[in-house]
Amino acid sequence: MMKFSVITVSDSCSNGTATDTSGPHLVSLVKEKLDATDVNYLVVPDEADVIQKLLIYQCDVLKVRAVFTTGGTGFALRDVTPEATRAVLTKEAPQLTMAMTLTSLEKTKFAVLSRAVCGVREKTLIVNFPGSKKAVDECFHSIVNVIPHILQLMADEIPKVKETHRKIQSGEGHVHVCPHATGKGGDDRNSPYPMLEVVDALEIIMSTIATQKIPRKQISRVNIPPFRASVKDGYALKSSGDKGVKRVVGYVAAGNGIIRDYFDIDQCYKINTGAPVPDQADAVIQIEDTKLISTDNDIEKIIEVLSSPSPNLDIRSIGSDLRMGEDVFEHRYPLDAAQRSLLASIGETINVGQLRIAVISTGDELVHPYGDGAQTRTIEGKIFDSNTTMLVQMLRQFGFTEEQCLVSQIVVHDDYQSLRKQIEILTGSVHAILCTGGVSMGDKDFVKPVLKDLGYDLKFGRVNMKPGKPFTFASKDITRFFGLPGNPVSAFVTFHLFALPALRKYLATLNQTTSNLAKCHLPKITVKLLTESYELDPRPEYARASIFSKGGELWAQITGQQISSRLKSIVEADVLLHLPARSPSKTTIVRGESVTALTLRADFISTYE
């Protein structure tokens, strides 16, 4: 079993004033990409002698196959990782460093500031990575394909080395890249975009949307109630008069003005719930604690109070519910019924910053489903556009009302200039573009080239997931571009995982209020698999499933064939099951196993048994 080590070099992480994100991410990459189960993880300060001693211990005593460091490779005074590393190497590997630098330079010109060192100490590979999580990811993926062969060579594993050479010479091991990017053509056909994990892709998206630091608070400008109000239907009186016979001298209904006249202790006013208590009264006795003595033409004249009233009995004092100047709530968006009710109670108008969204479908094959004669029209080679309808309805379903979210639907032809013109018009005028189609590897998939041509910062172009691998995200000015795959199920899944949380955060930011990031995402629950057996995919999968409640336990039944074009698979879906990637030790998931599920709606239980 191969051992590896990951070392984070950081004063702030070492002393606990900062949280290390690069080291744990590097550990997960090593485990996933190098099939490692034994990875040491350490955090040390930016001290050359400490780093040097730890590297020697890992190589000479623990004899790990490779040590990967992150941090301390820049030009700051405390950045000494390269010097400490170079001091323990027996061989340098400058081409590994060059490969990482060239990859990083495609992303940022500041990659030239990294002084990372790579090399070997006896039989252990040592690689310095930069300190940011994003740079770690880019640099690791730039060299990960050659690391196994390096380890084979250092371990003198001759049969494995020969097999690798055979594959390379026969073309089996050749790695292609996309002709869109290189212009080389021929058999150069695979995407050049690194395959990001879902959690990393989501972190990148959310980081592009500002977080409001100071919550927007609603202040009450009135007292509730604005007068002393009766809690019960009964009689307003003076508590000093105690119980006994009382003469009814008037009637106070809700909405009446405040009675300020003087009255005696043996007198009272009949009063309704919510009505203003007369100035001279200090108690309300409920009807149930009285006895009617006499009436005149059905008007009560004399009653008997059967229990002794106490001061302030059943009276809501001024501002007892909400005082003038008091915080009502911290705004959250979309506004719910409770917030709207409270705003109405204090007479405040609802002022909502509107999120502007464009929903685009790309494709020459698409026709509008609701045009003239749409229900009977059949056109050879054409299909009805369902994606824009689905996306708009999901926005509304998740609370993005017309008041809060202005949505436009657009179908664009599959040609470069049409797509470029439409995106150029929308850029800067809308906050988000949800575009389905055009992000994969077809001859007419123009989204990525158009985004680059228009100066967008294309953050990523592939995600390690099924369905939805070609999902693309980019940003420019105020506009966030969500490139959803064209297959409807892929668009459905990627909308829920990526677009929905980002739009929720964006709406909160537009309204100058803090957002609960946990609530931006779909709620997670744990369920048991009801399906007898399901083959795992090499990628993590988000399968659609219906939820059954059986004896208080939740069970998930996968909704039939999960092909990404089969829109019917989402009709009965209550949740997205997050299934792990296939591994040599686990190829299927079977009935009764616990699975994480992301709920798609509040009423996510289809059947109770």
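Residues numbered from 1 in each chain as written. Predicted model: local features only at pLDDT ≥ 70, side-chain atom pairs only at ≥ 80, totals over all residues. Heavy atoms only, no water.

The name given to the chain in an unreviewed UniProt entry is Molybdenum cofactor synthesis protein cinnamon, and the organism recorded there is Culex quinquefasciatus. Note on the chain: under the UniProt heading Pathway (unreviewed entry), the record states "Cofactor biosynthesis; molybdopterin biosynthesis." Quoted verbatim from the Cofactor (unreviewed entry) heading of the UniProt record, the comment on the chain is "Mg(2+)". (UniProt positions renumbered as here; feature names shortened; annotations may be inferred.)

Caption draft 1: Spotlight on the overall build of the chain. Tallying secondary structure elements over the chain gives 16 helices and 32 strands in all. When the 609 residues of the chain are sorted by exposure, 47% land in the buried category. (Helix = DSSP H or I, 4+ residues; strand = E, 2+ residues; numbered from the N terminus. Buried < 20%, exposed > 50% of the residue type's maximum accessible area, 1.4 Å probe, protein only.)

Caption draft 2: Just the side chain of aspartate 314, in detail. Looking at where aspartate 314 falls in the secondary structure, it is placed in the loop between β14 (299–305) and β15 (315–316). There is a polar contact of 3.3 Å between the side chain of aspartate 314 and the side chain of lysine 232. If we ignore the near neighbours within four places in the chain, the residues touching aspartate 314 are Ala229, Ser230, Val231, Lys232 and Val284. (Polar contact = N/O pair within 3.5 Å; in protein donor to acceptor, adjacent residues only side chain to side chain. Contact = heavy atoms within 4.5 Å.)

Caption draft 3: Molecular detail of the pairing of strand β3 (residues 66–70). Burial analysis of β3 places five of its five residues in the buried class, the great majority of the element. Going residue by residue along β3, you find Ala66, Phe68 and Thr70 tucked away on one face and Val67 and Thr69 tucked away on the opposite face as well. In the sheet, β3 pairs with strand β6 (residues 124–129) via five bridges, with the strands oriented parallel. For threonine 69, the partnering residue across the bridge sits in β6 and is asparagine 128. (Pairing = 2+ DSSP bridges.)

Caption draft 4: Examining the packing of aromatic side chains more closely. The tally for this structure, following the rule as stated, stands at 11 aromatic pairs. Ring geometry for phenylalanine 263 and tyrosine 269: centres 5.3 Å apart, planes at 80°, overall edge-to-face. This pair shows no difference in class: phenylalanine 263 is buried, exactly as tyrosine 269 is. Taking 6.2 Å as the distance between ring centres and 70° as the angle between the ring planes, the aromatic pair formed by tyrosine 456 and phenylalanine 481 counts as edge-to-face. With tyrosine 456 in the loop between α14 (447–453) and β22 (457–460) and phenylalanine 481 in strand β24 (residues 479–484), this pair connects stretches of sequence that are 25 residues apart. Taken individually, tyrosine 456 and phenylalanine 481 each receive the classification buried, so the pair is uniform in this respect. Through successive ring pairs, a cluster of aromatic residues spans Phe460, Phe471, Phe473, Phe482 and Phe498. Over the ring of phenylalanine 75 we find arginine 115; its NZ or CZ atom is 5.8 Å from the centre of that ring. Across from the ring centre of tyrosine 193, 5.4 Å away, lies the NZ or CZ of lysine 448, which sits over that ring. (Phe/Tyr/Trp six-rings, centres within 6.5 Å; stacked < 30°, edge-to-face > 60°. Lys NZ or Arg CZ within 6 Å of the ring centre and 35° of its normal.)

Caption draft 5: The sheet that holds strand β17 (residues 355–362), seen in detail. Ordered in space as β20-β17-β21-β24-β23-β22, the six strands form an open sheet in which the pairing is mixed. Edge positions in the open sheet fall to β20 (405–412) and β22, since each of these has one partner strand only. Looking at each pair of strands side by side, their axes are set apart by 20° on average, direction ignored. Taken together, the three bridges between β22 and strand β23 (residues 472–476) define a ladder with antiparallel strand orientation. Its bridge partner lying in β23, aspartate 457 is registered against serine 475. Along the sheet face, helix α10 (residues 198–207) touches β22, β23 and β24 and points at about 150° away from the line of β22. Strand contacts of helix α15 (residues 488–510): β17, β21 (432–436) and β24, with the helix running at about 170° to β24, the strand carrying the most contacts. (Axes fitted to C-alpha atoms, helices over the stretch in contact; angles between N-to-C directions.)

Caption draft 6: Molecular detail of the environment of valine 146. As for its placement among the helices and strands, valine 146 is situated in the loop between α6 (133–143) and α7 (147–154). On the basis of relative accessible area, valine 146 is assigned to the partly exposed category, the value being 42%. Each C-alpha atom, one on valine 146 and one on leucine 96, is 9.3 Å from the other, the two residues being 50 residues apart in sequence.

Caption draft 7: Quick look at unusual backbone geometry. Between isoleucine 224 and proline 225 the backbone carries a cis peptide bond, its omega angle lying at -5°. Mapped onto the elements of the fold, proline 225 is located in the loop between β7 (217–219) and β8 (229–230). The omega angle of the peptide bond from lysine 466 to proline 467 is -10°, so this bond is cis rather than trans. Considering the arrangement of structural elements, one finds proline 467 in the loop between β22 and β23. Residue aspartate 242 is not a glycine yet carries a positive backbone phi of 55°. Along the chain, aspartate 242 falls in the loop between β9 (234–237) and β10 (244–252). Judged by relative accessible area, aspartate 242 falls into the partly exposed class, the value being 33%.

Caption draft 8: Here's a closer look at the confidence of the model for the chain. For the chain, per-residue confidence averages 87 on the pLDDT scale, and 89% of positions sit at 70 or higher. Throughout residues 168–189 the model reports pLDDT below 50, and contacts reaching past four residues in sequence, or to other chains, amount to 28 contacts. (pLDDT = per-residue confidence, 0-100.)

Caption draft 9: Representation of the packing of helix α5 (residues 94–105) against α6. It is at 9 Å that the axes of α5 and α6 come closest, and there the two elements cross at 130°. It follows from the interaxial angle that α5 and α6 lie oblique. Crossing handedness for the pair α5 and α6: right-handed. Counted together, Leu96, Ala99, Met100, Thr103 and Ser104 of α5 and Glu138, Cys139, Ser142 and Ile143 of α6 form the full contact between these two elements. Residues of the contact of α5 with α6, tallied by class, amount to five nonpolar, three polar and one charged. (Parallel < 35°, antiparallel > 145°, perpendicular 65-115°, else oblique. Left-handed = near helix turned anticlockwise from the far one by under 90°. Nonpolar A, V, L, I, M, F, W, Y, C, P; charged D, E, K, R; others polar.)

Caption draft 10: Quick peek at the pattern of salt bridges. Under the criterion given, the structure shown has 28 salt bridges. In this structure, arginine 78 engages glutamate 47 in a salt bridge whose closest nitrogen and oxygen atoms are separated by 2.9 Å. With arginine 78 in the loop between β3 and α4 (81–86) and glutamate 47 in the loop between β2 (38–44) and α3 (48–61), this pair connects stretches of sequence that are 31 residues apart. Measuring nitrogen to oxygen at the nearest pair gives 3.7 Å for the salt bridge that ties arginine 591 to glutamate 532. Pair noted here: arginine 591 is in the loop between β30 (588–590) and β31 (594–599) and glutamate 532 is in the loop between β25 (524–529) and β26 (533–535), with a separation of 59 residues, a long-range link. A relative accessible area of 42% places arginine 591 in the partly exposed class. Linked by salt bridges that have partners in common, Asp11, Glu47 and Arg78 make up one network. (Salt bridge = Lys/Arg side-chain N within 4 Å of Asp/Glu carboxyl O.)

Caption draft 11: Focus on the nonpolar core. Ranked by size, the top nonpolar core spans 50 residues in total, and within it Ile357, Leu434, Phe482, Phe495 and Phe498 carry the most contacts. Contributing elements (two or more residues each) for this core: α10, β17, α12 (387–397), β20, β21, β24 and α15. In terms of residues, this core owes the most to one element, α15, which gives 13 residues. Counting contributing residues, this core receives three or more from each of domain 2 (204–211 + 352–517) and domain 5 (524–608). If we skip the residues at most four places from it in the chain, phenylalanine 498 touches Val198, Ala201, Leu202, Ile205, Val463, Met465, Phe471 and Phe482. Core analysis: the second largest hydrophobic core is formed by 29 residues, Ala36, Leu96, Val127 and Cys139 among them. (Core = buried A, V, L, I, M, F, W, Y, C linked by side-chain atoms within 4.5 Å. Domains from an automatic or database assignment.)

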